[in-house]
Amino acid sequence: MADKSWMLHPLAIRHARECVSIIKRDFDVTLKMSDPDFLEQLHSKVSLAASRDLGRAYALLVADAGVGGVMRALGGQPAKPVVAASR
């Protein structure tokens, strides 16, 4: 069972929803946050995408959720380095 502690952070939820929206737009695939493999599926799409918006939203999700929580949920796989755009 995947670690879902990141879902306790409201900003992480917000950025996860933004990622879902961007993936729907770019890939025409709907990810569900309730899916036990949500973060793995999200990570997979981020590694395939060239979207700056998705990369930024994912970087913010990781920052808000805590890198440790996301890494545990991914089974310790290293995340693709993503640089968030400055605001």
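Structure: above.
The model shown is predicted, which means the values in this text are computed figures rather than measured ones.

Visitor: When you look at the overall build of the protein chain in this model, what are you seeing that I'm missing?
Guide: Across its full length, the protein chain holds 4 helices and 0 strands. Start at the N end of the protein chain and walk to the C end: the helices and strands fall as α-α-α-α. For the protein chain, the residues scored as buried account for 38% of the 87 residues in total. A fraction of 59% describes how many contacts in the protein chain between residues 6 or more apart in sequence connect residues 24 or more apart. Here the protein chain has roughly 5,200 Å² of accessible surface; of this, 56% comes from carbon and sulfur atoms.

Visitor: Teacher, can you tell me more about the side chain of K45 here?
Guide: By secondary structure assignment, the location of K45 is in helix α2 (residues 38–48). Buried charge without a partner: K45 forms no salt bridge, and the closest opposite charge is D28, 11 Å away.

Visitor: What is the right way to read unusual backbone geometry from this model?
Guide: As a rule of thumb, non-glycine residues mostly have phi less than zero, and peptide bonds are mostly trans rather than cis. Although it is not a glycine, D28 sits at a positive phi angle of roughly 55°. Mapped onto the fold, D28 is located in the loop between α1 (10–27) and α2.

Visitor: So what exactly am I meant to see when it comes to helix α3 (residues 52–65) here?
Guide: An α-helix turns once per 3.6 residues; consequently, residues spaced three or four apart project the same way. Counted at 1.5 Å a residue, the expected span for α3 with its 14 residues is 20 Å, and the 20 Å between its end C-alpha atoms agrees. Burial in α3 covers these residues: L54, G55, A57, Y58, A59, L60, L61, V62 and A65. Backbone nitrogen of D53 and a side-chain oxygen of the N-cap are separated by 3.3 Å at the start of α3; the cap is S51. The positive-phi residue at the C-terminal boundary of α3 is G66, with phi of around 95°.

Visitor: Just checking my understanding: could you explain α1 for this structure?
Guide: Helix length check: α1 (18 residues) gives 25 Å between terminal C-alpha atoms against 26 Å at 1.5 Å per residue, within 8%. Turning to α1, its buried residues are A12, I13, H15, A16, C19, V20, I22 and I23. Next to the buried residues of α1 lie α2 and α3. At the C-terminal side of α1, D28 shows a positive phi close to 55°.

Visitor: Just checking my understanding: could you explain the nonpolar core for this structure?
Guide: General note: in soluble globular proteins, nonpolar side chains tend to be found buried as a group. Ranked by size, the top nonpolar core spans 21 residues in total, and within it W6, F38, L42, L54, Y58 and L61 carry the most contacts. Examining the composition of this core, we find that 7 residues originate from one element, α1, more than from any other. Once residues within four sequence positions are removed from consideration, W6 is found in contact with A12, I13, A16, F38, L39, L61 and A65.

Conventions adopted
- Residues numbered from 1 in each chain as written.
- Predicted model: local features only at pLDDT ≥ 70, side-chain atom pairs only at ≥ 80, totals over all residues.
- Heavy atoms only, no water.
- Helix = DSSP H or I, 4+ residues; strand = E, 2+ residues; numbered from the N terminus.
- Buried < 20%, exposed > 50% of the residue type's maximum accessible area, 1.4 Å probe, protein only.
- Contact = heavy atoms within 4.5 Å.
- Areas by Shrake-Rupley, 256 points an atom, 1.4 Å probe, with all protein chains shown as cover.
- Lys, Arg positive; Asp, Glu negative; His and termini not counted.
- Salt bridge = Lys/Arg side-chain N within 4 Å of Asp/Glu carboxyl O.
- Expected span 1.5 Å × (residues − 1).
- Polar contact = N/O pair within 3.5 Å; in protein donor to acceptor, adjacent residues only side chain to side chain.
- Core = buried A, V, L, I, M, F, W, Y, C linked by side-chain atoms within 4.5 Å.

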